[in-house]
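Overview (structure and organization)
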Amino acid sequence: MKATIYHNPRCSKSREALAILQEAGAEVEIVEYLKTPPSRAKLAELYARAGISPRAGLRIAEDGAKPLKSADGDTILDAMMVDPLLIERPLVETEKGVRLGRPPEKVREIL
């Protein structure tokens, strides 16, 4: 099975999700999204496949998220393109779907 993880190696939850994928024997493509962010269209597609809104994918602990408190999904996606730190991680994509790995065990649903 192939999997893509939008990963931040400094994040413990992201590392845990990656370990779950590797233990399951998945062929993992690692995208360090802070260095190589997904396009706006790809991010919107990932959220749609995961069944979540851009707001649910927003890393609210970041200072840049505070002005987005009442923003719509398009505005949030635009902000994520300017500042990829606003993207909650890890996002994992397989042929079975997409999950935001919070908690990391959620990625098992698409293995």
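Within an unreviewed UniProt entry, the label attached to the protein chain reads Arsenate reductase, and the organism entered is Sphingomonas gei. What UniProt states about the protein chain under its Sequence similarities (unreviewed entry) heading is, verbatim, "Belongs to the ArsC family." If you open the UniProt record of the protein chain and go to Catalytic activity (unreviewed entry), you find "[glutaredoxin]-dithiol + arsenate + glutathione + H(+) = glutathionyl-S-S-[glutaredoxin] + arsenite + H2O".

Another point: the pairing of strand β4 (residues 97-100). By the bridge criterion, four bridges tie strand β3 (residues 91-94) to β4 in an arrangement that is antiparallel. The partner of V92 across the bridge, within β4, is R99. Between β3 and β4, which pair antiparallel one after the other, the connecting turn spans two residues.

This part covers the pattern of salt bridges. By the definition in use, this model includes 11 salt bridges. One salt bridge connects E93 with R49, and the closest N-O pair in it is separated by 2.8 Å. On the criterion of sequence distance, the pair formed by E93 in strand β3 and R49 in helix α2 (residues 40-50) is long-range, its members being 44 residues apart. Look at R49 and you get partly exposed, because its relative accessible area is 35%. As a salt-bridge pair, D63 and K66 come within 3.8 Å of each other at their nearest N and O atoms. Each of the salt bridges in this network shares a partner with another, and the network as a whole consists of K42, E45, R49 and E93.

L43, Y47, L58, L68, M80, L86 and L91 are the most contacted members of the largest nonpolar core, which totals 20 residues. Apart from residues no more than four positions distant in its own chain, L68 is found in contact with R55, L58, T75, I76, A79 and L86.

Glancing now at the pairing of β3. Because side chains alternate across β3, one face comprises the buried residues L91 and E93, and the other comprises V92 and T94, equally buried. Summarising the sheet, strand β1 (residues 2-7) and β3 pair through four bridges and their orientation is antiparallel. The residue bridging A3 from the neighbouring strand is T94, located in β3.

For T4, the position within the fold is in strand β1. A distance of 3.5 Å separates polar atoms of two side chains, one belonging to T4 and the other to E29. Contact partners of T4, with chain neighbours within four places excluded, come to E29, V31, L91, V92 and E93.

Cut-off values and rules
- Residues numbered from 1 in each chain as written.
- Predicted model: local features only at pLDDT ≥ 70, side-chain atom pairs only at ≥ 80, totals over all residues.
- Heavy atoms only, no water.
- UniProt positions renumbered as here; feature names shortened; annotations may be inferred.
- Pairing = 2+ DSSP bridges.
- Helix = DSSP H or I, 4+ residues; strand = E, 2+ residues; numbered from the N terminus.
- Salt bridge = Lys/Arg side-chain N within 4 Å of Asp/Glu carboxyl O.
- Buried < 20%, exposed > 50% of the residue type's maximum accessible area, 1.4 Å probe, protein only.
- Core = buried A, V, L, I, M, F, W, Y, C linked by side-chain atoms within 4.5 Å.
- Contact = heavy atoms within 4.5 Å.
- Polar contact = N/O pair within 3.5 Å; in protein donor to acceptor, adjacent residues only side chain to side chain.

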